[in-house]
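The lines below spell out each chain.
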Amino acid sequence: MTHRLARHIRTSPVELAPATPLVSFTFDDVPVCAATTGAQMLEAHSARGTFYISGGLIGTQARHWRVADADHITALHTAGHEIGSHTYSHIFVPNLRSESIVAESQRNAECLRAVVPGLTLESFAFPFGFGSLPAKKTLASIYRTSRGIGPGLNVGRADLQLLKANPLMDGRLDAAGITRLMDEALEKKGWLVFYGHDVVENPSPYGCSPGLLETALRAAGDRDIACVPVAEALRRAL
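These lines cover the structure that appears in this document, whether it is placed above or below. Everything numeric here is computed off the predicted structure, so don't read it as measured data. (Residues numbered from 1 in each chain as written. Predicted model: local features only at pLDDT ≥ 70, side-chain atom pairs only at ≥ 80, totals over all residues. Heavy atoms only, no water.)

**Some thoughts on the nonpolar core**
Stage number 1. Formed by 50 residues in total, the largest nonpolar core has its most connected members in Phe 25, Leu 168, Met 182, Phe 194 and Leu 213.
Stage number 2. When residues in this core are grouped by element, the largest group, six residues, is from helix H7 (residues 210-222).
Stage number 3. If we ignore the near neighbours within four places in the chain, the residues touching Phe 25 are Leu 42, Gly 49, Thr 50, Leu 168, Phe 194, Leu 213, Ala 216, Leu 217 and Cys 227.
Stage number 4. Counting 18 residues, the second-largest nonpolar core is a separate cluster that includes Val 14, Leu 16, Val 228 and Ala 233. (Core = buried A, V, L, I, M, F, W, Y, C linked by side-chain atoms within 4.5 Å. Buried < 20%, exposed > 50% of the residue type's maximum accessible area, 1.4 Å probe, protein only. Helix = DSSP H or I, 4+ residues; strand = E, 2+ residues; numbered from the N terminus. Contact = heavy atoms within 4.5 Å.)

Laid out in structure tokens, this is it:
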């Protein structure tokens with residue numbers, strides 16, 4: 001219920017009107033394959049993405065993948081990708097009080113700045129995709145944007161603390177779906193955000209194959225849609 005309210009009540013309303021359509025490719029938790037294969041594929045298309053990292057997961061083995069380590073994170077930053085925050089503990093945010101959200105954000109920032117000194121964190125993604133009205137209000141004082149997992153296009157009246165995002169996952173999106181989304185972004189001059197996790201042949205239910213990512217990158221390129229990180233897209237959309 002609290003997430004449903006968060007989806008329908010804007011706490012950080014803004015009018016998004018980019019001069020040209022935009023696409024942002026984002027990756028949560030950042031498996032090693034996303035930080036390597038995924039990042040390299042974006043770079044081959046002159047694109048850069050946003051990688052949302054939970055400091056407490058760095059270098060650990062999860063159920064479906066191994067999480068990127070400090071060297072991978074440094075390489076992402078050096079290559080021009082954006083590092084975003086995903087809480088330190090990868091925790092369910094609606095259960096947290098405001099002071100706990102602040103503490104999680106501070107701890108994650110300290111962890112990531114120990115890896116990349118001076119790192120600026122502008123973008124946040126809700127672990128598991130769930131937010132709440134109180135969380136959105138607290139996060140607005142820390143990050144410029146918070147990304148959810150509700151599908152759609154970011155254009156016109158939008159909420160910066162619950163950006164819409166579409167799953168780039170083999171089980172949930174195909175080439176026809178990518179074409180439809182790209183054409184909509186082109187027609188409406190909107191900001192299209194994708195999210196996923198691993199990038200590997202036979203991906204987890206939460207990731208995509210290199211083929212699907214390549215299809216999306218080519219679709220953007222064929223339409224001359226710029227593929228930029230979330231922070232950069234926001235600057236262009238305001």
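From this point, the narrative continues.
**Topic: the side chain of Glu 104**
Stage number 1. Position of Glu 104 among the secondary structure elements: in helix H4 (residues 98-115).
Stage number 2. Although Glu 104 lies buried, it forms no salt bridge, and the closest oppositely charged side chain, Arg 107, sits 5.6 Å away as judged by the N-O distance.
Stage number 3. At a separation of 2.8 Å, a polar atom in the side chain of Glu 104 contacts the main-chain amide nitrogen of Tyr 88.
Stage number 4. Apart from the residues lying within four places of it in its own chain, the contact partners of Glu 104 are Thr 87, Tyr 88, Ser 89, Ile 91 and Leu 96. (Lys, Arg positive; Asp, Glu negative; His and termini not counted. Salt bridge = Lys/Arg side-chain N within 4 Å of Asp/Glu carboxyl O. Polar contact = N/O pair within 3.5 Å; in protein donor to acceptor, adjacent residues only side chain to side chain.)

**Section: the pattern of salt bridges**
Stage number 1. Going through the model one piece at a time under the given rule, you end up with nine salt bridges.
Stage number 2. A salt bridge links Arg 223 to Asp 183; the nearest nitrogen and oxygen atoms lie 2.7 Å apart. Here Arg 223 is found in the loop between H7 and strand E10 (226-227), whereas its partner Asp 183 is found in helix H6 (residues 175-188), with 40 residues between them in sequence.
Stage number 3. Judged by its relative accessible area of 35%, Asp 183 falls in the partly exposed class.
Stage number 4. Across the pair Glu 184 and Lys 188 runs a salt bridge whose closest N-O atoms are separated by 3.1 Å. Placement of both Glu 184 and Lys 188 in helix H6 is noted, with a separation of four residues, approximately one turn of the helix.
Stage number 5. On the basis of relative accessibility, which here comes to 45%, the residue Lys 188 falls in the partly exposed class.
Stage number 6. Three or more residues joined by partner-sharing salt bridges are found here, namely Glu 122, Arg 144, Glu 232, Arg 235 and Arg 236.

**Re the packing of aromatic side chains**
Stage number 1. Counted according to the given criterion, the structure contains six aromatic pairs.
Stage number 2. Seen from their ring centres, Phe 124 and Tyr 143 are 5.3 Å apart, and the 20 degrees between their planes marks the pair as stacked. Taken together, the positions of Phe 124 in strand E5 (residues 123-125) and Tyr 143 in the loop between helix H5 (133-139) and strand E6 (145-147) put the pair 19 residues apart, joining distant regions of the chain.
Stage number 3. Looking at Tyr 143, the relative accessible area reads 4%, which means it is buried.
Stage number 4. Three or more aromatic residues joined by ring pairs make a cluster, and in this case those are Phe 92, Phe 128 and Phe 130. (Phe/Tyr/Trp six-rings, centres within 6.5 Å; stacked < 30°, edge-to-face > 60°.)

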